[in-house]
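Fold and contact review
Residue-level listing of the chains:
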Amino acid sequence: MASNSILEEYVEASEEAEIAEKKKAQKKSRRRESAFGMALIAPYILIFVVFSLVPPVLGIAFSFMSYNPYNTADIRFVGFQNYINIFNFDLPISKSFWSSFGTMFIYVAIGTPLAVIIPFFLAYFINMEPPGYKFFRALIYFPNVVSITIMGIIFGNMFAGDSSGLINSWLGTEIHWLSGEPWKDDILRWVVIFIATEWWCTGTNFIIFAAAFRDVPKSLYEACEMDGGGKWKKILHVTIPNIKSTVTVCLFNILIGYLGLYGQVIVLNDFTNANIMVSPTMFIQHYLSDFSYARITGYVCACALMFGIVVMFFSTIQRKAMGEHRTRSKRTEDCIAYFADRDRFTTEASNG
Amino acid sequence: MVKKQKRVLSKSERERRKNKIVAFCVMAVAAVFFGFPFLYMLGSSVKSDLDLQLHPELIFPSSFGEWTFERYTGFFMYAGKIATLPIAFLNSLWSTAANVLLTVALDLLVAYAVIFVRFKFKKVFMKFLYLWMAIPGVIATAPMFAMYATIKNALGLHEGVGAYLYIYLWLIVPGSTGIFNVLLMRNMFASIPMEIVESARSDGASNMQIFRRIVLPLARSTILLIVLFTFNGSWNSLAWPLLVLSGESKTWETLTLALTGYTGSSNWGQVGYSMASSVFALIPTLIVFLFTQSKMIDGLSSTGVKK
Amino acid sequence: MDNILKERRQNAFMSLQNLVKVYPNGEKAVYNFDLDISKNEFIVIVGPSGCGKSTTLRMIAGLEDISGGDIYLEGELLNYKPSSERKMAIVFQSYALYPQMTVYNNIAFPLTINKYPMPKVNAVLKANAEIEKLLSTVAWNKFIGVLFNVCNGNGKAKDEQIATVFNITLYAAKLLYKVFGAYKQDALEVLDGKADEISAAIRAELNLVVEAENAKVQESGVKFDEDFCEIDESGNKIIEQRKYTSYEIKTRVYETAEKLDLIPYLDKLPKELSGGQRQRVALGRAIVREPKVFLLDEPLSNLDAKLRLTMRSEIVKLHNRIGATTIYVTHDQTEAMTMATRIVVMSRGFIQQIGTPEEVYQDPANIFVAKFIGSPSMNVFNIDYDPESGHLERNDVKISLKSVFKKRHDGFYVAAVDKFESLQENFDEKAREEILKILSATGEYKDNKKQQKKKGLIALIKHLIEKQKNKNVVADEYAYEKEVLSEKLAQLKTSTTAKHGLLVGIRPERINVEKAVVGKKYKDVVKVKPTVVELLGGEYNIHFDLFDKDMVCKLDATEKVTVNDELAVSFSPDDLYIFDPVTGDRI
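None of these values were measured; they are calculated from a predicted model. (Residues numbered from 1 in each chain as written. Chains lettered and ligands numbered in written order. Predicted model: local features only at pLDDT ≥ 70, side-chain atom pairs only at ≥ 80, totals over all residues.)

1. Considerations on the overall build of chain C
Short version of the rule: Only DSSP runs of H or I with at least four residues qualify as helices, and only runs of E with at least two residues qualify as strands; both kinds are numbered from the N terminus onward. Every radius of gyration here is taken over C-alpha atoms, with the globule rule written as 2.2 Å times N^0.38, N being the number of residues. Counting other C-beta atoms within 10 Å of its own, a residue is labelled buried from 20 upward, exposed at 12 or fewer, and partly exposed in the gap between, with every C-beta atom placed from the backbone.
Secondary structure summary: chain C contains 19 helices and 25 strands in total. Here the C-alpha atoms of chain C give a radius of gyration of 33 Å, more than 25% beyond the 25 Å that 2.2 N^0.38 yields for 587 residues. Principal-axis analysis of the C-alpha atoms places the extent of chain C at approximately 100 × 75 × 55 Å. Counting across all 587 residues of chain C, residues that qualify as buried make up 33%.

Below you can see the structure in the form of structure tokens.
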């Protein structure tokens with residue numbers, strides 16, 4: 001008997017050991033899997049950290065320094081001096097920085113509505129599937145994949161300032177479309193910029209809106225028809241609410257893109273004209289690329305940070321404004337009260 | 001064939017037909033607006049210099065004798081030497097290809113890890129990516145350039161192959177970690193039924209086999225989409241190359257950058273040449289677009305909303 | 001013929017006369033849908049998918065153009081009316097709720113955007129009568145007590161509350177509230193004593209407006225009936241088109257919500273609701289308009305099985321309560337059997353049978369109906385009929401039929417041959433449809449006519465060349481149908497006298513079946529082995545193979561049956577449904 005129980009104990013012990021070993025093996029394989037997973041994302045993380053994460057952090061650091069990438073001896077900590085300089089409007093450089101925001105705001109204020117409305121209507125019509133709609137769709141989208149410099153070449157020559165320009169030769173005029181001075185006689189250049197932007201940027205939103213239109217359930221239109229809604233009621237109560245979320249997302253992308261206005265002001269400028277329009281992105285690029293301004297890199301980083309904050313501010317406002325608002329309705333309460341009231345007279349009267 | 005009876009159109013059919021006609025008219029107007037600049041570009045590139053001066057109002061050459069193609073042949077040799085444009089073209093080509101490859105490879109690795117491999121910090125990683133999307137990229141440009149310049153200066157890379165490779169490293173690599181692409185790929189992988197992968201695993205397939213035999217074939221269209229988006233972005237990027245390549249040799253420039261010399265209204269002598277250059281630069285984009293436009297449009301339709 | 005149609009249109013509540021639907025591509029979806037519906041009926045149109053039932057419903061609703069035939073509702077032609085003016089409401093399979101609106105707004109939507117015809121009521125005179133009635137019939141202390149409580153309560157819209165409490169018009173309530181405003185601060189006991197003063201004040205206020213109104217009325221010479229609705233010379237109420245007031249909308253939506261148990265969800269958005277709740281909202285949006293006809297397009301097919309069961313009874317209950325005429329479309333024969341007062345069975349655009357659930361089940365007109373209705377469906381098998389002996393026989397199974405059958409059989413075939421011959425003599429579009437109808441019943445498909453649209457340029461060119469080639473050859477449009485006709489006619493002719501095959505059906509519950517006991521001798525019985533035995537609680541569904549067909553029968557689960565047992569199966573001739581395989585019709 002005794003030997004039996006010892007045997008049992010032995011068996012039990014060995015079983016336990018086996019289970020423990022299995023657990024260990026499982027743990028090990030888990031660890032190995034975990035390491036494998038991390039190894040897979042390691043290259044991405046490495047590149048991401050070096051080229052996406054470190055720069056903004058360094059940017060914050062640089063903005064408190066006088067930094068010159070070409071002369072490391074010149075680097076020192078200056079505290080808030082760069083920021084003080086930004087808000088010192090007597091400095092011509094700060095003045096030009098802040099005035100560049102004006103250019104950007106004009107562009108956003110006029111360009112954003114255009115970038116929604118025009119694609120919206122084009123998408124509305126393409127969804128009626130006129131003959132050849134696939135061709136039209138491709139054609140409207142194609143400018144989107146053309147590079148901005150080519151856009152600049154085409155539109156620059158179309159709107160060339162002397163009689164050699166296509167538009168001028170058609171009109172028989174010699175209008176200087178692209179050489180106005182910013183903030184003075186610049187309206188014509190803005191017109192060209194918006195025409196060119198519409199040509200270049202309509203495609204993406206047009207395609208996205210068209211898909212959104214297509215995805216509105218057909219039965220909703222039919223339900224609205226049964227309920228007595230006409231053409232406009234259908235657009236108001238069915239189309240718009242159903243594509244609203246798409247429009248919101250597009251609007252966000254447009255806003256972010258347009259706040260970073262850069263290419264258009266460079267490529268749409270008469271070659272004889274020194275009075276270039278300056279947007280914030282343009283401002284930052286200009287002072288970075290110019291070797292003679294290398295010593296104020298810290299200041300430029302501070303400007304970039306200020307600009308980033310403005311962008312974030314506007315995108316947040318846009319997101320909040322377009323987000324879902326629900327005014328809490330209290331119909332359930334009201335309804336319960338209604339039925340209480342309806343029976344009130346009879347019950348109270350019988351009680352009294 | 002027995003001749004078909006002509007049916008009287010019902011009210012809604014008439015309505016639909018009317019709508020189609022209106023839509024066609026609108027689209028025709030739009031087509032003129034969106035198509036005309038291309039015609040103008042093409043026409044101007046084959047007009048002779050005389051025609052460019054005397055007949056700026058015409059889209060195409062005024063007479064048969066005024067057609068010229070010498071600007072196209074003039075790309076490759078310029079005053080006996082290889083012109084800069086073909087070199088810029090090659091620069092753009094290899095850097096774009098490298099960017100596309102790197103992007104797709106990184107996205108595939110990350111998406112596979114996130115969806116099919118259990119590892120620590122997975123959730124933190126994804127959450128971080130989501131949050132990071134809200135931070136505008138403009139903040140990074142200035143300090144990134146400062147980093148680039150400082151390291152370049154410190155290493156003394158001012159000329160030669162080293163400098164060229166260093167510059168192109170900074171052109172290719174930073175753009176390869178776009179978060180939107182990662183999420184696109186991740187969502188695609190997430191839509192693969194887990195059961196398929198699990199059953200493959202229980203059949204004894206290794207990660208590499210699962211990836212190559214199951215995941216990759218299913219992810220083909222998403223990969224193509226990312227390739228297209230990345231290709232367009234990289235081929236057409238202007239701001240960052242302009243910064244990094246400022247002050248460098250003309251032969252190091254990318255094509256898009258090289259063309260900035262012709263932007264805006266150019267003087268008479270240059271119109272034809274700049275237009276021909278544009279046509280030349282547009283060829284790869286056009287080829288890619290023609291072959292993939294329906295894929296691209298479908299992809300944009302389905303993913304653009306989630307962007 | 002025309003007279004009959006006219007009569008039908010006057011007598012029936014709703015008359016659907018020979019509805020035809022042809023799609024723009026020339027495809028015919030509905031053939032001669034002909035049906036009269038009387039008030040309060042619950043009609044279910046049932047058929048497999050693609051049989052044209054939804055198209056029919058959508059034609060009735062006005063969502064689809066009518067290619068031929070007329071729809072009359074209470075004698076009024078509806079064909080050219082927009083769907084919103086047809087006094088019908090539809091519930092879609094996908095519910096079609098407006099995603100951005102709360103449940104309340106969804107239900108209220110049809111009321112808010114439309115004008116509705118309503119009798120013109122003189123608000124002042126009606127208010128006068130209502131208040132007078134209140135003051136004279138209700139005890140003062142009760143009246144003033146309730147009024148006091150409401151006015152000093154914390155409700156927001158007091159006038160609306162008063163209107164609700166006393167069940168009077170909003171105008172009258174406003175007047176009461178205005179007068180009572182002067183006494184609001186007084187204590188209830190004080191008010192109790194001021195009965196004369198307050199009622200005098202109310203009456204004075206009333207008199208003021210009533211006198212002015214009376215003068216106006218006399219000037220214009222308008223007449224009223226006892227409900228203060230304006231009437232014309234012949235005594236009919238004058239109907240005006242107007243929108244509902246917000247108070248009217250509110251009360252109607254609340255009443256509807258109560259009927260459907262939706263009160264707790266009024267503030268929710270559709271995406272926050274479950275399928276069943278969404279379904280109820282969709283129903284609510286339909287009934288709030290008080291339409292004359294309800295149209296339901298597969299409303300339950302998006303719900304899970306259990307919910308479908310409860311919603312089914314819910315809809316029947318609702319129908320019993322509000323009694324509106326309903327047309328319900330479904331592919332589920334169980335729904336049809338349980339809900340309908342009359343069933344319309346459709347297949348491939350043709351009505352196969354119209355009848356009550358009992359009729360359709362007990363007395364199917366043709367083989368299609370017999371197979372489609374009933375679950376598990378009817379067992380149908382081929383068997384040879386010997387006209388001389390009057391037996392049905394196959395292999396060694398013999399079923400003897402009554403002598404009446406022979407007479408019926410002969411009569412049927414003589415009539416059929418006659419009909420076919422007359423069709424053949426004068427083959428036109430009508431005859432063609434007759435043939436197509438027969439094909440739809442027997443379930444033979446005409447695939448050869450279906451042209452597949454090939455894509456690509458080469459296919460297009462090929463098609464054009466083909467067309468050019470065939471241009472000179474005058475093809476007969478009816479070639480296929482004519483061929484079918486002659487084929488069928490030949491079959492029918494041989495069937496009249498010679499031994500031929502018949503289709504015989506029997507309902508699973510009508511098969512006499514028992515567990516065969518070893519050693520016992522059976523007469524006129526087939527012994528079979530079950531292939532599958534399904535226990536459904538109280539009974540078995542037993543599958544077995546007979547005549548190369550899988551057959552199902554039902555057996556009470558009093559004793560255990562397994563696949564190893566042997567069953568004794570027999571058919572009683574009275575329970576057999578006998579169909580002609582050529583035309584699919586019942587003999």
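After that view of the structure, there is still more to cover.
2. Observations regarding the overall build of chain A
For the record, the criterion: We call two residues in contact whenever the C-beta atoms placed from their backbones are within 7 Å.
For chain A, the count of helices and strands is 13 helices and two strands. Computed over the C-alpha atoms, the radius of gyration of chain A is 33 Å, more than 25% above the 20 Å expected from 2.2 N^0.38 for a compact globule of 352 residues. Each of the three principal axes of chain A carries a C-alpha extent, and together these read 115 × 85 × 60 Å. Classification of the 352 residues of chain A by burial places 39% in the buried group. Restricting the contact set of chain A to residue pairs at least 6 apart, pairs at least 24 apart contribute 65%.

3. Here's the deal with the interface of chain A and chain B
How we decide: Note on residue categories: nonpolar means Ala, Val, Leu, Ile, Met, Phe, Trp, Tyr, Cys or Pro, charged means Asp, Glu, Lys or Arg, and polar means any other residue, Gly included.
Counting residues at the interface gives 92 residues for chain A, matched by 80 residues for chain B. Residue composition of the side of chain A that touches chain B, grouped by class: 64 nonpolar, 25 polar and three charged.

4. Comments concerning helix H2 (residues 53–61) of chain C
Residues and elements named next belong to chain C. Counting buried residues along H2, nine of its nine residues qualify, which places the element largely inside the surrounding structure. Within H2, the full set of buried residues consists of Lys 53, Ser 54, Thr 55, Thr 56, Leu 57, Arg 58, Met 59, Ile 60 and Ala 61. Phi turns positive, to about 90°, at Gly 62, one or two residues after H2.

5. Overview of the nonpolar core
Quick note on the threshold: Structurally, a nonpolar core is described as a collection of buried Ala, Val, Leu, Ile, Met, Phe, Trp, Tyr and Cys residues joined by way of C-beta atoms within 7 Å.
If you look at the biggest cluster of nonpolar residues, it comprises 141 residues, and the most contacted ones within it are Met 151, Ile 284, Val 300, Cys 303 and Ala 304 of chain A. When near neighbours in sequence (up to four residues on either side) are disregarded, Met 151 of chain A contacts Val 146, Ala 196, Trp 200 and Val 267 of chain A. If you look at the next biggest cluster of nonpolar residues, it comprises 114 residues, including Met 88, Val 281, Leu 296 and Phe 579 of chain C.

6. With respect to the sheet that holds strand S3 (residues 42–46) of chain C
All names here are of chain C. Applicable threshold: For two strands to pair, DSSP has to find at least two bridges joining them. Here, axes are lines fitted to C-alpha atoms. For helices the fit covers the stretch in contact, and angles between N-to-C directions go from 0 to 180 degrees.
Sheet architecture is open: six strands sit in the order S6-S11-S12-S3-S13-S14, paired in mixed fashion. Across the chains shown, the open sheet's two edge strands, defined by having one partner strand only, are strand S6 (88–91) and strand S14 (350–355). Neighbouring strand axes in the sheet, compared pairwise and without regard to direction, differ in orientation by 15° on average. Here strand S13 (residues 342–347) runs beside S14; their pairing, made up of five bridges, is antiparallel. Opposite Met 346, over in S14, you have Ile 351 as the bridge partner.

7. Regarding the interface of chain A and chain C
Between chain A and chain C, the residue contacts involve 30 residues of the former and 34 residues of the latter. Secondary-structure elements contributing two or more residues to the side of chain A that touches chain C are helix H8 (218–226), helix H9 (231–259) and helix H13 (331–351) of chain A. Residue contributions to the side of chain A that touches chain C peak at 13 residues, all from H13 of chain A. Along the lines of polarity and charge, the residues of the side of chain A that touches chain C split into twelve nonpolar, eight polar and ten charged.

8. Considering the domain arrangement of chain C
Keep this limit in mind: What counts as a domain boundary in this text is fixed by an automatic or database domain assignment.
Split by domain assignment, chain C resolves into domain 1 (2–87 + 291–358), domain 2 (123–231), domain 3 (405–500) and domain 4 (512–570). Inter-centroid distance (C-alpha atoms) of domain 1 of chain C to domain 2 of chain C is 47 Å.

9. Things to note about the sheet that holds strand S20 (residues 526–528) of chain C
Residue and element names in this part refer to chain C. Judged by pairing direction, the sheet is antiparallel, and its three strands sit side by side in the order S19-S24-S20 without closing on themselves. Either end of the sheet is taken by a strand with one partner, and the two such strands are strand S19 (512–515) and S20. Across the sheet, the mean angle from the axis of one strand to that of its neighbour is 30°, orientation sign disregarded.

10. Some words on the domain arrangement of chain A
In terms of domain boundaries, chain A breaks down into domain 1 (2–62) and domain 2 (89–331). Each of domain 1 of chain A and domain 2 of chain A has a C-alpha centre, and the two are 50 Å apart.

11. Topic: the pairing of strand S4 (residues 68–73) of chain C
Residue and element names in this part refer to chain C. One ladder, built from five bridges, connects strand S1 (residues 14–22) with S4; its direction is antiparallel. The partner of Ser 15 across the bridge, within S4, is Tyr 72. In this structure, S4 lies alongside strand S5 (residues 76–77), joined through two bridges in antiparallel fashion. The residue bridging Tyr 72 from the neighbouring strand is Leu 77, located in S5. The loop that links S4 with its antiparallel partner S5 comprises two residues; one of these, Glu 74, has a positive phi angle of about 50°.

12. Focus: the environment of Lys 560 of chain C
Residue and element names in this part refer to chain C. Within the fold, Lys 560 resides in the loop between strand S23 (549–556) and strand S24 (567–570). C-beta crowding within 10 Å serves as the criterion here: with 10 such atoms nearby, Lys 560 is assigned to the exposed category. Separated by 20 residues in sequence, Lys 560 and Tyr 540 have C-alpha atoms that sit 9.2 Å apart.

13. Topic: the pairing of strand S16 (residues 391–394) of chain C
Residues and elements named next belong to chain C. Across three bridges, the pairing between strand S15 (residues 379–386) and S16 is antiparallel. Each residue of the ladder has a partner; that of Asp 384, found in S16, is Glu 393. If you look at the hairpin formed by S15 and S16, you'll find four residues sitting between the two strands, and Gly 390 has a positive phi there, around 75°. Of the strand pairs in this sheet, S16 and strand S17 (residues 397–400) are connected by four bridges, and their pairing is antiparallel. Bridge pairing in S17 links Glu 393 to Lys 398.

14. Observations regarding the packing of helix H4 (residues 123–137) of chain C against helix H7 (residues 170–180) of chain C
Residues and elements named next belong to chain C. Under the convention used in this document: Left-handed describes a crossing whose near helix is turned anticlockwise from the far helix through less than a right angle; right-handed describes the clockwise counterpart.
H7 packs onto H4 with a crossing angle of 65° between their chain directions and a minimal axis gap of 8 Å. Crossing geometry of H4 relative to H7 is assigned as right-handed. In this structure, H4 uses Ala 123, Ala 127, Glu 130 and Ile 131 to contact H7, whose residues at the interface are Tyr 171, Ala 172, Leu 175 and Leu 176.

15. Re unusual backbone geometry
All names here are of chain C. With omega at -5°, the peptide bond leading from Ser 375 into Pro 376 counts as cis. Positive phi, normally seen in glycine, also occurs at Lys 87, with a value near 55°. Inspection of the secondary structure puts Lys 87 in the loop between S5 and S6.

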